[in-house]
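Chain and residue survey
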Number of protein chains: 2
Amino acid sequence: MILIDYRDSRPIYEQVVDKFRLLILNGSLKPEEKMPSVRTLAMDLSINPNTIQRAYAELERRGYIYTVKGRGNFVSDTDKFKDEYKEEIFTRLDEVCDSAYKAGITTGELTEHIEKGSKEGGIGE
Amino acid sequence: MILIDYRDSRPIYEQVVDKFRLLILNGSLKPEEKMPSVRTLAMDLSINPNTIQRAYAELERRGYIYTVKGRGNFVSDTDKFKDEYKEEIFTRLDEVCDSAYKAGITTGELTEHIEKGSKEGGIGE
DNA sequence: TAAGTGTACTAATTTGCTTAGTACACTTAA
DNA sequence: TTAAGTGTACTAAGCAAATTAGTACACTTA
């Protein structure tokens, strides 16, 4: 379901949080869907259950999943996060543009690159 | 010249590398210009000289500065890195676009956002 | 009842960053 | 020549965070 990148310097639990967050926001994991159990996922990824537990606790704290004791963790309804996620993406876009301008890349080059990419990829309208 | 962000979870030496790399690529630091001495910069930032040394070693390894023993560290000619830096920026742009499409943002919204931002900021052509 | 689930807790280990301190070779300017 | 400033190398220690290991307990479901 997810993979750990051991070349990534970020802690494992943080990678797990991010990957699931994206799966949920993307709709790859739908509301009410059951998350892998702490112990199962730990086995699959060959890491300690405590580490998964920590990741799940963070996902719950942020509202992406909810817990039913004895039954498991389940994906929350995350519609309320979608707009905020879009904002986050636009912020990242602004940062990239900022770097681009400083490097001498023009607005035209940026938009052209995006339009070209979207045609070739067949996405984004 | 640069500042350390202690809220940033990345190691100090890595922040130092990144900041100087950008200053150099931006042209804020020009080829042949002298870098602050290891000890001076360590004093200014209130951190250990070893940490600066580590950052400078990394900058040298990557070709952004060169060392003359007994004299100091100097900025390299980095024209050769400029194109590669632009590539890096376009790669980051692609990643953002990828996230955007998955979140349901269209190409039109992306380019519009960029054009609007560049007009208000008065940059990018 | 047994198996699977989340949760809580302590202890130990590991890893990487950072500091502290020392030493040495080089360059420059007084 | 000398003193101050420069980079470099090295060892040791401290520190913080992540991770592992192990155990225990309460809950749910078949």
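The structure presented is a predicted model; accordingly, all values stated were derived computationally and were not measured. For every chain, the first residue of its written sequence is number 1, and the numbers climb from 1 along that sequence. Whichever chain is written first becomes A and whichever ligand is written first becomes 1, with later ones labelled in order. Per-residue local features are limited, in this predicted model, to residues with pLDDT of at least 70; the limit for side-chain atom pairs, both in listing and counting, is 80 or more; totals at the level of whole chains, interfaces and linings are taken over all residues. In computing side-chain values, all of the structure's heavy atoms are included and hydrogens and water are not.

**Comments concerning the domain arrangement of chain A**
Residues and elements named next belong to chain A. Each domain of chain A was delimited in the assignment, giving domain 1 (12–77) and domain 2 (80–119). Contact with domain 1, which involves seven residues of that partner, is made by five residues of domain 2. For the pairing of domain 1 and domain 2, the buried interface totals around 580 Å² over both sides, and the portion due to carbon and sulfur atoms is 52%. Buried area: the accessible surface (1.4 Å probe) lost by two parts on joining, summed over both. Among the residues of domain 1 in contact with domain 2, Arg21, Leu25 and Asp77 are the three that bury the most area, contributing 62% of the side total. The start and end points of each domain follow an automatic or database-based domain assignment. Two residues form a contact once any of their heavy atoms are found within 4.5 Å.

**Observations regarding the packing of aromatic side chains**
Residues and elements named next belong to chain B. Aromatic rings from Phe, Tyr and Trp, with only the six-membered ring used for Trp, were paired whenever their centres fell within 6.5 Å, and each pair was classed as stacked if the ring planes differed by under 30 degrees, edge-to-face if by over 60, and tilted otherwise. With the rule as written, the count across this model stands at six aromatic pairs over all chains. With 6.1 Å between their ring centres and 80 degrees between their planes, phenylalanine 20 and tyrosine 56 make a pair best called edge-to-face. Here phenylalanine 20, found in helix 1 (residues 12–26), pairs with tyrosine 56, found in helix 3 (residues 49–61); they are 36 residues apart in sequence, far enough to count as distant. The classification of residues rests on relative accessible area computed with a 1.4 Å probe and restricted to protein chains. Under 20% of the type maximum is buried, over 50% is exposed, and intermediate values are partly exposed. Given a relative accessible area of 0%, phenylalanine 20 falls into the buried group. You can call tyrosine 56 buried: its relative accessible area is 1%. Here, a charge over a ring is recorded when the distance from Lys NZ or Arg CZ to the ring centre is within 6 Å and its angle to the ring normal is within 35 degrees. Note that arginine 54 overlies the ring of tyrosine 13, its terminal NZ or CZ placed 4.0 Å from the centroid. Helix numbering and strand numbering both begin at the N terminus, where a helix is a DSSP run of H or I of at least 4 residues and a strand a DSSP run of E of at least 2.

**Considering the protein's contact with DNA strand C**
By nearness alone, 24 residues border DNA strand C, and Thr67 of chain A together with Ile12, Asn48, Asn50 and Arg54 of chain B come closest of all. Any residue with at least one heavy atom within 4 Å of a molecule or strand is counted as near it. When atoms of DNA strand C within 4 Å of the protein are split into backbone and base, the sugar-phosphate part holds 64%. Taking arginine 39 of chain A, its side chain carries an N or O atom lying 2.9 Å from a base nitrogen of DNA strand C. Polar contact is defined as a pair of N or O atoms within 3.5 Å, subject to the rule that within protein one atom must be able to donate a hydrogen and the other to accept it, and that residues adjacent in sequence are counted only when both atoms are side-chain atoms. Between a phosphate oxygen of DNA strand C and a side-chain N or O atom of threonine 51 of chain B, the distance comes to 3.0 Å. For the surface near DNA strand C, the secondary structure elements donating two or more residues are helix 2 (38–45), helix 3 (49–61) and strand 2 (72–75) of chain A together with helix 1 and helix 3 of chain B.

**Quick word on the pattern of salt bridges**
All names here are of chain A. Definition used for salt bridges: Asp or Glu carboxyl oxygen within 4 Å of a side-chain nitrogen of Lys or Arg. Overall, the coordinates contain 16 salt bridges over all chains when judged by the stated rule. Note that arginine 62 is salt-bridged to glutamate 58, the shortest N-O span being 3.2 Å. Since its relative accessible area comes to 32%, arginine 62 is described here as partly exposed. For glutamate 58, a relative accessible area of 22% gives the class partly exposed.

**With respect to the relation of the copies chain A and chain B**
Turning chain A through 178 degrees and shifting it by 0.0 Å along the axis lays it on chain B, with an RMSD of 0.3 Å. Taken together, the rotation angle and the small translation identify this as a two-fold axis. For chain A, the minimum C-alpha distance to the rotation axis belongs to threonine 111 of chain A and amounts to 2.6 Å. Of the residues that chain A buries at the interface, 100% are likewise interface residues in chain B, meaning the two copies contact each other through the same surface. Least-squares superposition of the copies uses the C-alpha atoms of those residues scoring a pLDDT of at least 70 in each of them.

**Some details on the pairing of strand 2 (residues 72–75) of chain B**
All names here are of chain B. Across four bridges, strand 1 (residues 65–68) lies against strand 2 in antiparallel orientation. Its bridge partner lying in strand 2, threonine 67 is registered against asparagine 73. Where strand 1 folds back onto strand 2 in an antiparallel hairpin, the turn is made up of three residues, including glycine 70, whose phi is positive at roughly 85 degrees. One bridge is not enough; two strands pair if DSSP finds at least two bridges between them.

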